[in-house]
Amino acid sequence: MAIEDEITGEMAQKAARVHEALIAAYGERAWVSRLPPVDELIGTILSQNTSDVNSGRAFELLRKHYPSWQDVIEAPVTEVAETIRSAGLSEIKAPRIQNALRAIRETCGSFDLSSLRELPVDEARAWLTSLHGVGPKTASVVLLFSLKMPAMPVDTHVHRVSLRLGLVPPKTSAPKTSEMLEAMLSAEDYYTFHLNMIEHGRQVCKARHPRHDACTLAPLCDYYQREVQALRG
């Protein structure tokens, strides 16, 4: 079944209302390129299963110790792992980073992924996810933030908030949530929606103690309605 066939009109309307409520709370976001595509890719690999602070420190150390990406490839994998240790799982991430860089150089002839812009987004995403250790979220981050292509990254915050709101069915995986949100929203809304969902997840819809009293999305939230009903007995 095509993903579009799973999206009802009611689901799409709810996504649009959530998007509007998030804009009212956090504003519209103007697209800004954060890093070149390869840098974004390596930074996102480092960010897997760790905090932004830890991955950011690891990325800075990696760039400080190795002036070029070719230097990273040529360095002993154990040395690279030690350099990025603050990101955690460094023994796994170091070979993934080196292998991804080798594949990019061999395919593109350089460490430049700008040619992905010439592909349909699904093909560009498929190429990125063919790299070992690069999943749908990592690929979508590169596409959206570095290449300004229509992709919806779903991290832990976007996933949690989507499930609680009832934008997607219970137990929907993060990759499936990404597909469903892309089908429900307009491509030009992905960037703002993604950033605002993260902001809401960090500030209000926290994992352990969601701030129901401060939540502007409460009237739209399935989780909130269940919590209210439970308190009322």
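In what follows, the structure referred to is the one given above.
Report on the accompanying structure. Values in this document were obtained by computation on a predicted structure and should not be read as measured data.

### A short note on the pattern of salt bridges
The full count for this structure, using the stated rule, is 9 salt bridges. Asp52 is the salt-bridge partner of Arg202, the closest N and O atoms lying 2.8 Å from each other. On the criterion of sequence distance, the pair formed by Arg202 in helix H11 (residues 190-203) and Asp52 in helix H3 (residues 52-65) is long-range, its members being 150 residues apart. Judged by relative accessible area, which is 40%, Arg202 ranks as partly exposed. Counted as one network, the salt bridges with shared partners bring together Glu82, Arg85 and Glu91.

### Thoughts on the nonpolar core
Considering soluble globular proteins, one finds that nonpolar side chains tend to be buried as a cluster. Grouped together as the largest cluster of nonpolar side chains are 37 residues, with contacts concentrated most on Ile42 and Leu128. Where this core is concerned, the elements lending two or more residues are helix H2 (37-47), H3, helix H4 (69-74), helix H5 (77-83), helix H6 (90-108), helix H7 (121-129) and helix H8 (136-146). For this core, the element with the highest residue contribution is H6, accounting for 6 residues. Non-local contacts of Leu128, meaning those with residues more than four positions away in its chain, are made with Leu113, Leu116, Val134, Ala139, Val142 and Leu143. In this structure, Ile3, Ala15, Leu22 and Leu217 belong to the second largest nonpolar core, which totals 34 residues.

### So, the layout of surface pockets
As a volume, the largest pocket reaches approximately 890 Å³. Considering the residues around the largest pocket, the lining is formed by 30 residues, among which Ser47, Asp52, Lys137, Asp155 and Arg202 are closest to the centre. Put simply, the parts of the chain that give the lining of the largest pocket at least two residues each are H2, H3, H8, helix H9 (156-165) and H11. The residue inventory of the lining of the largest pocket, partitioned by class, reads 8 nonpolar, 14 polar and 8 charged. Its boundaries defined by the atoms lining it, the second largest pocket holds a volume of some 190 Å³. If you trace the second largest pocket, you find it lined by Ile3, Glu4, Arg125, Pro136, Ser140, Pro175, Ser178, Glu179, Glu182, Ala183 and Tyr190. Elements with a contribution of two residues or more to the lining of the second largest pocket: H8 and helix H10 (174-184). Looking at the lining of the second largest pocket, the element that brings in the most residues is H10, giving 5 residues. In terms of residue class, the lining of the second largest pocket is built from 5 nonpolar, 2 polar and 4 charged.

Parameters at a glance
- Residues numbered from 1 in each chain as written.
- Predicted model: local features only at pLDDT ≥ 70, side-chain atom pairs only at ≥ 80, totals over all residues.
- Heavy atoms only, no water.
- Salt bridge = Lys/Arg side-chain N within 4 Å of Asp/Glu carboxyl O.
- Helix = DSSP H or I, 4+ residues; strand = E, 2+ residues; numbered from the N terminus.
- Buried < 20%, exposed > 50% of the residue type's maximum accessible area, 1.4 Å probe, protein only.
- Core = buried A, V, L, I, M, F, W, Y, C linked by side-chain atoms within 4.5 Å.
- Contact = heavy atoms within 4.5 Å.
- 1 Å grid on protein atoms, 1.4 Å probe; cavity = no way out; pocket = protein on both sides within 12 Å on 5 of 7 lines; lining within 4 Å.
- Points joined across faces, edges and corners; volume = space filled by probe spheres on them.
- Nonpolar A, V, L, I, M, F, W, Y, C, P; charged D, E, K, R; others polar.

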